[in-house]
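Summary of structural features
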Amino acid sequence: QVQLLESGGGLVQAGGSLRLSCAASGRPFSAYAMGWFRQVPGKERELVAAIRWSAGSTSYVYADSVKGRFTISKDNAKNTLTLQMNNLNVEDTAVYYCACAPGVFFGWPTVAGRAQNYAYWGQGTQVTVSS
């Protein structure tokens, strides 16, 4: 069973930055895709960024709304996932979730944003951006 532990959320002024971290533990997998989703009350959970890695290859997916501002990365040694968020705006306010899709990810990258594809989820961390 994979467990995900998130940290780094908080309150930040518009234009500021935050870094979210997700520590993954549990049984290892030979292939992974992981992502960051966000959700506001009454809305569907939406993909922010995702990463898939295999031997000699790493693939990234970003939502158009965050492209150029957010960066997803993985620390192989520490088995952690990071979302660096720069130039935040009030529309980025949401609960952010770390997610993991073990094994083969069929349909990547077309279906990277489908929450159903991710079997494991963190608890969520609130990001609030004030004007």
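Residues numbered from 1 in each chain as written. Predicted model: local features only at pLDDT ≥ 70, side-chain atom pairs only at ≥ 80, totals over all residues. Heavy atoms only, no water.

1. With respect to the packing of aromatic side chains
Applying the stated criterion across every chain yields a total of six aromatic pairs. Arranged with centres 5.1 Å apart and planes meeting at 80 degrees, the rings of Phe105 and Trp108 form a pair that is edge-to-face. When its relative accessible area of 8% is taken as the criterion, Phe105 is described as buried. Judged by relative accessible area, Trp108 falls into the buried class, the value being 11%. Centre to centre, the rings of Phe105 and Tyr118 are 5.6 Å apart; their planes meet at 70 degrees, and the pair counts as edge-to-face. Of this pair, Phe105 sits in the loop between β9 (94–102) and β10 (120–121) while Tyr118 sits in the loop between β9 and β10, placing them 13 residues apart in sequence. Judged by its relative accessible area of 3%, Tyr118 falls in the buried class. Counting every residue linked through ring pairs, the aromatic cluster contains Phe37, Tyr97, Phe105, Trp108, Tyr118 and Trp121. Sitting over the face of the ring of Trp121, Arg45 holds its NZ or CZ atom 4.8 Å from the ring centroid. (Phe/Tyr/Trp six-rings, centres within 6.5 Å; stacked < 30°, edge-to-face > 60°. Buried < 20%, exposed > 50% of the residue type's maximum accessible area, 1.4 Å probe, protein only. Helix = DSSP H or I, 4+ residues; strand = E, 2+ residues; numbered from the N terminus. Lys NZ or Arg CZ within 6 Å of the ring centre and 35° of its normal.)

2. A closer look at the pattern of salt bridges
Throughout the structure, instances matching the rule amount to four salt bridges. A salt bridge links Arg38 to Glu46; the shortest N-O distance between them is 2.9 Å. Relative accessible area serves as the criterion here: at 7%, Arg38 is assigned to the buried category. Between Arg38 and Asp92 there is a salt bridge, with its nearest N and O atoms 2.9 Å apart. Linking Arg38 in strand β4 (residues 32–39) with Asp92 in the loop between β8 (80–85) and β9, this pair joins segments that are 54 residues apart in sequence. With respect to class, Arg38 is no different from Asp92; both count as buried. A network of salt bridges, in which partner residues are shared, links Arg38, Glu46, Arg69 and Asp92. (Salt bridge = Lys/Arg side-chain N within 4 Å of Asp/Glu carboxyl O.)

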